[in-house]
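Secondary and tertiary structure notes
One letter stands for each residue in the lines below.
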Amino acid sequence: MRGGTPTHLPTTPRLEATLLDRLVVGYLLAFCLCLAVLGRDDPVWVGRLVFNLGLVTAILAMIRWWGGRTRGVPGFLRQLYPGLLYPYFYWQMQTAVHWLISHFLDHQVVAVERSIFGVDPNIWIQSAQLAPLNEWMMAGYFSYYFLIPVVALPLHFRHRHTEVRRLLTATTIAFLVSYVGFVLYPVEGPRFFLASQLGEPLSGWVFVPL
């Protein structure tokens, strides 16, 4: 103190919620609400509800105490936690897919394809498959799993945190739109719906089996 006036006062960490934070927390809260209203036939719905509310609490505490932290383990978690949650969000959608519609609607999609092409494209195209082509296509599909970390991690360690946040915000919006669409119009895909007509598995050596 100088002349009776304090020169430094302890400051309270400031809440610094970004659009990305609001998207993630908003999704979790919306999922909890829907789970409590529509998902109570799940025998473990209470446990899921408690866990998701616990995630919300942990995220809010992280925002509250770590703010805009970018360095060290706290900074890593603060900047990249949405990406770490994507596998969990995907996994728990299996409990939500039939909240509104009790069955899959693949028969409608297949009927539209038949009306346009005159055949089932997923069955017809099997006659044109080649192992090298299968490998090339599956490698492209497989790369999806690494696309986010391969882009986000180098950006984070180069301290380009604005770009990381933009990437994860766009990705989160894409996932959430997809999840909502999946609940509103559930399909499981031709791999399952047309399984009895697809014949032999695709041939390939590395990416096809993966």
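Cut-offs used in this document
- Counting of residues starts from 1 at the beginning of each chain's written sequence and follows it residue by residue.
- The predicted nature of this model means local features are confined to residues of pLDDT at least 70 and side-chain atom pairs, given and counted, to a pLDDT of 80 or more, with totals for whole chains, interfaces and linings taken over all residues.
- Based on all heavy atoms of the structure, the side-chain values leave hydrogens and waters out of the count.
- Definition of nonpolar core: a set of buried residues of the types Ala, Val, Leu, Ile, Met, Phe, Trp, Tyr and Cys, connected through side-chain atoms within 4.5 Å.
- Using a 1.4 Å probe on the protein chains alone, a residue whose accessible area is under 20% of its type maximum counts as buried, one over 50% counts as exposed, and one in between counts as partly exposed.
- In DSSP terms, a helix is any run of H or I states spanning at least four residues, a strand is any run of E spanning at least two, and both are numbered starting from the N terminus.
- In what follows, a contact means two residues having at least one pair of non-hydrogen atoms within 4.5 Å.
- Polar contacts, as used here, are pairs of N or O atoms within 3.5 Å; protein pairs need one atom able to donate a hydrogen and one able to accept it. Residues neighboring in sequence count only if both atoms are side-chain atoms.
- Aromatic rings from Phe, Tyr and Trp, with only the six-membered ring used for Trp, were paired whenever their centres fell within 6.5 Å, and each pair was classed as stacked if the ring planes differed by under 30 degrees, edge-to-face if by over 60, and tilted otherwise.
- Consider the ring centre and the ring normal. A charge sits over the ring if Lys NZ or Arg CZ is within 6 Å of that centre and within 35 degrees of that normal.
- For the purposes of this analysis, a disulfide is any pair of cysteine sulfur atoms at a distance within 2.5 Å.
- Any residue with relative accessible area above 30% and no salt bridge may belong to a patch, with like charges joined within 9 Å and the nonpolar Val, Leu, Ile, Met, Phe, Trp and Tyr side chains within 5 Å.
- Surface accessibility follows the Shrake-Rupley procedure with a 1.4 Å probe radius. Residue values consider only the protein chains on display as shielding.
- Counted as salt bridges are all cases of a side-chain nitrogen of Lys or Arg within 4 Å of a carboxyl oxygen of Asp or Glu.

Membership of the largest hydrophobic core comes to 33 residues, with the highest contact counts inside it found for Val24, Ile59 and Phe89. Put simply, the parts of the chain that give this core at least two residues each are helix H1 (19-38), helix H2 (45-66), helix H3 (72-92), helix H7 (144-157) and helix H8 (161-184). Element by element, the count of residues in this core is highest for H1, at eight residues. For Val24, the contacting residues outside a window of four places in its chain are Ile59, Tyr81, Pro82, Leu85, Phe89 and Thr172.

The next point concerns the side chain of Asp120. Structurally, Asp120 is set in the loop between helix H4 (106-117) and helix H5 (121-124). A polar side-chain atom of Asp120 sits 2.6 Å from a polar atom in the side chain of Arg114.

Take the environment of Asn122 next. In this structure, Asn122 sits in helix H5. Taking relative accessible area as the criterion, Asn122 reaches 29% and is therefore assigned partly exposed. The spacing of Asn122 and Pro190 is 68 residues in sequence and 7.1 Å in space, taken between C-alpha atoms. Sequence-distant contacts of Asn122, defined by excluding residues within four places in its chain, comprise Glu113, Pro190, Leu194 and Leu198.

What follows covers the packing of aromatic side chains. Tallied over the entire structure, the rule returns 15 aromatic pairs. Judged by centre distance (6.1 Å) and plane angle (50 degrees), the ring pair of Tyr27 and Phe31 falls under tilted. Placement of the pair is Tyr27 and Phe31 together in helix H1, with a separation of four residues, close to one helical turn. This pair shows no difference in class: Tyr27 is buried, exactly as Phe31 is. Ring plane angle 90 degrees and centroid distance 6.5 Å describe the contact between Tyr141 and Tyr145, whose orientation is recorded as edge-to-face. Note on Tyr141: relative accessible area 54%, which makes it exposed. Members of the aromatic cluster, each reached through a chain of ring pairs, are Tyr27, Phe31, Phe51, Tyr86, Tyr88, Phe89, Trp91, Trp99, Phe175 and Tyr179. The positively charged end of Arg64 is found above the aromatic ring belonging to Trp65, 4.8 Å away from the centroid.

It is worth spelling out the state of the cysteines at this point. Here a disulfide denotes a covalent bond joining the sulfur atom of one cysteine to the sulfur atom of another. The full count for this structure, using the stated rule, is zero disulfides. Summary of cysteine pairing: Cys32 is not part of a disulfide, and the nearest cysteine sulfur, belonging to Cys34, is at 9.5 Å. Using a relative accessible area of 5% as the deciding quantity, one classes Cys32 as buried.

On the surface, Leu33, Val37, Leu38, Leu100, Val109, Val180, Leu184 and Tyr185 cluster together into a nonpolar patch covering about 720 Å² of accessible area. Of all elements in the fold, only H1 and H8 reach the threshold of two or more residues within the nonpolar patch. The greatest single-element share of the nonpolar patch, amounting to three residues, is contributed by H1. Counting through the fold element by element, Tyr185 comes out in the loop between H8 and helix H9 (190-193). Using a relative accessible area of 34% as the deciding quantity, one classes Tyr185 as partly exposed.

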